[in-house]
Amino acid sequence: MGKISNCEYCANYTYDEDYECYICEVNLDEDEMAHFISGNFRQCPYFQMGDEYKIVRKQM
């Protein structure tokens, strides 16, 4: 079973200021992109839990 994911928590899901929206930074193939756009990308093999405090811990 693949990783169950929520894009909002993924480290690869970032805000693009040029397009003024959130995008997935992973280079998805055509089928994966179709699932992503349709909202059916629940078992994403690229999901990485975003860690907002990672930089802070490095500074300590």
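Coordinates for the structure precede this section.
We now turn to the structure provided with this report. Quantities reported herein were computed from a predicted structural model and do not represent experimental measurements.

Another point: unusual backbone geometry. Its identity as a non-glycine residue notwithstanding, Glu20 has a phi of 55°, on the positive side. Looking at the element boundaries, Glu20 is found in the loop between β1 (13–16) and β2 (21–24).

Okay, the side chain of Glu32 next. With respect to the element layout, Glu32 can be found in helix α1 (residues 30–38). Polar contacts involving the side chain of Glu32 include one to the side chain of Tyr46, which spans 3.2 Å.

Let us look at the side chain of Asn12. Structurally, Asn12 is set in the segment before β1. The buried category is assigned to Asn12, whose relative accessible area is 16%. Polar side-chain contacts of Asn12 include one of 2.9 Å to the backbone oxygen of Tyr46. Not counting chain neighbours up to four residues away, the residues in contact with Asn12 comprise Ile23, Cys24, Glu25, Val26, Tyr46 and Gln48.

Bringing the pairing of β2 into the picture now. As paired elements, β1 and β2 share four bridges and run antiparallel to each other. Across the sheet, residue Thr14 finds its bridge partner in β2, namely Ile23. Count of turn residues in the β1/β2 antiparallel hairpin: four residues, of which Glu20 carries a positive phi of about 55°.

In this section: the packing of aromatic side chains. With the rule as written, the count across this model stands at two aromatic pairs. Summarising the aromatic geometry, the rings of Tyr13 and Tyr22 are spaced 5.4 Å apart at their centres and angled 20° between planes, so their arrangement reads as stacked. Its relative accessible area of 25% is what places Tyr13 among the partly exposed residues. Ring plane angle 70° and centroid distance 5.2 Å describe the contact between Tyr15 and Tyr22, whose orientation is recorded as edge-to-face. Exposure remark for Tyr15: the relative accessible area of 44% places this residue in the partly exposed category. Here the aromatic cluster, defined as three or more aromatic residues joined through ring pairs, consists of Tyr13, Tyr15 and Tyr22.

Basis of the calculations
- Residues numbered from 1 in each chain as written.
- Predicted model: local features only at pLDDT ≥ 70, side-chain atom pairs only at ≥ 80, totals over all residues.
- Heavy atoms only, no water.
- Helix = DSSP H or I, 4+ residues; strand = E, 2+ residues; numbered from the N terminus.
- Polar contact = N/O pair within 3.5 Å; in protein donor to acceptor, adjacent residues only side chain to side chain.
- Buried < 20%, exposed > 50% of the residue type's maximum accessible area, 1.4 Å probe, protein only.
- Contact = heavy atoms within 4.5 Å.
- Pairing = 2+ DSSP bridges.
- Phe/Tyr/Trp six-rings, centres within 6.5 Å; stacked < 30°, edge-to-face > 60°.

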